[in-house]
Amino acid sequence: MTEMATIMDCPPPGWEPLVEELARRVSPATVIHCHEPLAKRTTLRVGGPAEVYVEPASEADLAEVVKFVAERAVDLFVLGRGSNLLVRDGGIRGVVICLAHPSFSMVEITGERMRCGAGAKLKLVAVEAKRAGLSGVEFLEGIPGSVGGALRMNAGAMGAWSFAVVESVRIMDYAGRIHERPVAEVPVEYRACPLLKNHIALGAVFKCNATTREEVAQRMNSFSVKRWDSQPAAPSAGCSFKNPATIPAGRLVQELGLKGHRVGGAMVSLEHGNFIVNDGCATAKDVLDLMTLIQARAKTERGIELHPEVEIVGVD
Ligand SMILES: Cc1cc2nc3c(=O)[nH]c(=O)nc-3n(C[C@H](O)[C@H](O)[C@H](O)COP(=O)(O)OP(=O)(O)OC[C@H]3O[C@@H](n4cnc5c(N)ncnc54)[C@H](O)[C@@H]3O)c2cc1C
């Protein structure tokens, strides 16, 4: 009998032959889960399951999954570390791919360059840069995402952002083909890399500057102190709204008197008005209702449209 990937749990109704076909097309090292709860895979800790959740073990397996999804016209979603996501309570239909396998998590340093897999944690990138005395990625230290998510979101902090230090990206298109793109060929925006809406990031090369470990450590520590002075430790998805041009969203929410305001288990953080925290029993609906309430108050009382920074995905 040919070896195939193990399927955890029973496939959703109608999915049996599809999931078996998928399992046969990838190597046994690829992980396939059915009805995988996504609340445990997001930092906000709310939301329903993925119909089918796959952790490909290699780029070849990932290409097979991507081709399978295209051939079968199944929905595809790429999950990083779930730190910028609000998954609705009905979960995500179709296939959710996560590059959590170690083959996507390497961080290799050559001179001033760091080649990082999309699945690598941003904290690991920052720690390895510090160890090697490389400056430029200190701002990644406190962002709880993966390299893939940071590229998609052009994540930034402390006046720096990901694509300012990216030299090139390695991506896969939805036909399973791999491309290396220099950063000059990758248009980016504030908190977005549109190319990655329909490509999967496999990794990136970050170009840093050689300095001393002590200098990097000092900068990282000062960033960390600033962050934890203003950021809640409770489960959240980071900033809920993009900053409007005229006022930071957090200050606006504070001026509206909404800090501490609750809907069910979701609450506007007392530390930072732009964070919604989960007290442990929130549903995605609680968080969404609280966001709607904040948006309505901002609009009626200050004439300001607030747009979500957190990505809202899935079905009710
Ligand atoms: C406490 C806290 C603090 C935060 N602080 C900051 C901050 O200072 N600055 C900041 O910018 N953000 C911040 N965030 C938000 C979040 O951490 C970043 O946006 C992060 O880059 C998301 O990475 P992720 O791996 O968790 O992506 P996810 O949340 O899993 O996904 C985000 C988006 O990226 C896509 N994606 C993920 N991986 C890939 C891939 N390999 N290829 C293509 N698309 C992919 C997903 O489909 C989704 O569209 C914070 C969040 C929290 C909870």
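Summary of the structure given here. (Residues numbered from 1 in each chain as written. Predicted model: local features only at pLDDT ≥ 70, side-chain atom pairs only at ≥ 80, totals over all residues. Heavy atoms only, no water.)

**What to know about the site of the ligand**
The line we're drawing: For each residue, the test is whether any non-hydrogen atom lies within 4 Å of the molecule or strand; if one does, the residue is near. Distance and chemistry together define a polar contact, namely a pair of N or O atoms within 3.5 Å, with one atom able to donate a hydrogen and the other to accept it when in protein, and with adjacent residues in sequence counting only for side-chain atoms on both sides. The numbering of helices and of strands both runs from the N terminus, where a helix is a DSSP run of H or I of at least 4 residues and a strand a run of E of at least 2. Residue polarity is assigned by list, with Asp, Glu, Lys and Arg as charged and Ala, Val, Leu, Ile, Met, Phe, Trp, Tyr, Cys and Pro as nonpolar; anything else, Gly included, falls into the polar class.
Near the ligand lie 34 residues; those nearest to it are Val78, Ser83, Ser146, Gly156 and Glu311. In the model, an oxygen atom of the ligand is placed 2.6 Å from a nitrogen or oxygen of the Ser83 side chain. Backbone polar atom of Gly149 to an oxygen atom of the ligand: 3.5 Å apart, as the coordinates give it. The dominant element in the shell around the ligand, judged by the number of residues it contributes, is helix α4 (residues 147-153), at five residues. A class-by-class count of the residues in the shell around the ligand yields 15 nonpolar, 14 polar and five charged.

**Some remarks on the environment of Gly257**
With respect to the element layout, Gly257 can be found in the loop between α6 (249-255) and β17 (262-263). Residues Gly257 and Gly273, 16 residues apart in the sequence, show an inter-C-alpha distance of 9.3 Å.

**So, the pattern of salt bridges**
Quick note on the threshold: When a carboxyl oxygen of Asp or Glu is within 4 Å of a side-chain nitrogen of Lys or Arg, the pair counts as a salt bridge. Burial status follows relative accessibility: with a 1.4 Å probe on protein chains alone, a residue under 20% of its type maximum counts as buried, one over 50% as exposed, and anything between as partly exposed.
The full count for this structure, using the stated rule, is 25 salt bridges. For Glu21, the salt bridge goes to Arg25, with nearest N and O atoms at 3.0 Å. Separated by four residues within a single helix, Glu21 and Arg25 lie in helix α1 (residues 16-25), roughly one turn from each other. Residue Glu21 is classed as buried on the basis of its relative accessible area of 16%. Exposure remark for Arg25: the relative accessible area of 24% places this residue in the partly exposed category. When salt bridges with common partners are traced through the structure, they connect Glu21, Arg25, Glu64, Lys67, Glu71 and Arg72 into a single cluster.

**As for the packing of α1 against helix α2 (residues 59-71)**
The criterion, for reference: Inter-axis angles, ranging from 0 to 180 degrees, are taken between N-to-C directions of lines fitted to C-alpha atoms, where helices are fitted over the stretch in contact. Note on angle classes: values under 35 degrees are labelled roughly parallel, values over 145 roughly antiparallel, values of 65 to 115 roughly perpendicular, and the remainder oblique. Should the near helix be turned anticlockwise from the far one by less than a right angle, the crossing is termed left-handed; should it be turned clockwise, right-handed. In this description, contact between two residues means that some pair of their heavy atoms is separated by no more than 4.5 Å.
Two elements in contact, α1 and α2, have axes whose closest approach is 10 Å; the angle formed by their N-to-C orientations is 150°. With respect to α2, the axis of α1 lies roughly antiparallel. In the packing of α1 onto α2, the handedness of the crossing is right-handed. Two secondary-structure elements touch here, α1 through Leu18, Glu21, Leu22 and Arg25 and α2 through Glu64, Val65, Lys67, Phe68 and Glu71. In terms of residue class, the contact of α1 with α2 is built from four nonpolar, no polar and five charged.

**Considering the sheet that holds strand β12 (residues 166-173)**
Short version of the rule: Think of it this way: DSSP has to see at least two bridges between two strands before they count as a pair.
With respect to topology, five strands assemble into an open sheet ordered β7-β8-β14-β12-β13, the strand pairing being antiparallel. Of all strands in the sheet, those bounded by a partner on one side alone are β7 (107-110) and β13 (178-182). In this sheet, neighbouring strand axes are inclined to one another by 20° on average, regardless of whether the strands run parallel or antiparallel. The strands touched by α2 are β12, β13 and β14 (199-207); relative to β12, the strand with the most contacts, the crossing angle is about 50°. Lying over the sheet, helix α3 (residues 122-132) contacts β7 and β8 (113-117), oriented at roughly 30° with respect to β7.

**Quick look at empty space enclosed by the protein**
The test is simple: In the cavity and pocket records, a cavity denotes points on a 1 Å grid over the protein atoms alone where a 1.4 Å probe fits but cannot get out, a pocket denotes an open set with protein on both sides within 12 Å along at least 5 of 7 lines, and lining residues are residues with an atom within 4 Å of a point. Grid points are joined across faces, edges and corners, and a volume is the space filled by probe spheres set on the points.
Taken as a whole, this structure holds two cavities of 30 Å³ or more when the rule is applied. Its boundaries defined by the atoms lining it, the largest cavity holds a volume of some 50 Å³. Surrounding the largest cavity, Leu44, Ala237, Gly238, Cys239, Ser240, Ile276, Val287, Met291 and Val310 form its lining. Within the residue set of the lining of the largest cavity, elements represented by two or more residues are β16 (236-239) and α7 (284-302). Looking at the lining of the largest cavity element by element, the count peaks at three residues for β16. Of the residues in the lining of the largest cavity, the class split is seven nonpolar, two polar and no charged. There is about 40 Å³ of room inside the second largest cavity. Here the residues of the lining of the second largest cavity are counted per class, giving three nonpolar, two polar and three charged.

Function-wise, these values are silent; they only describe arrangement.
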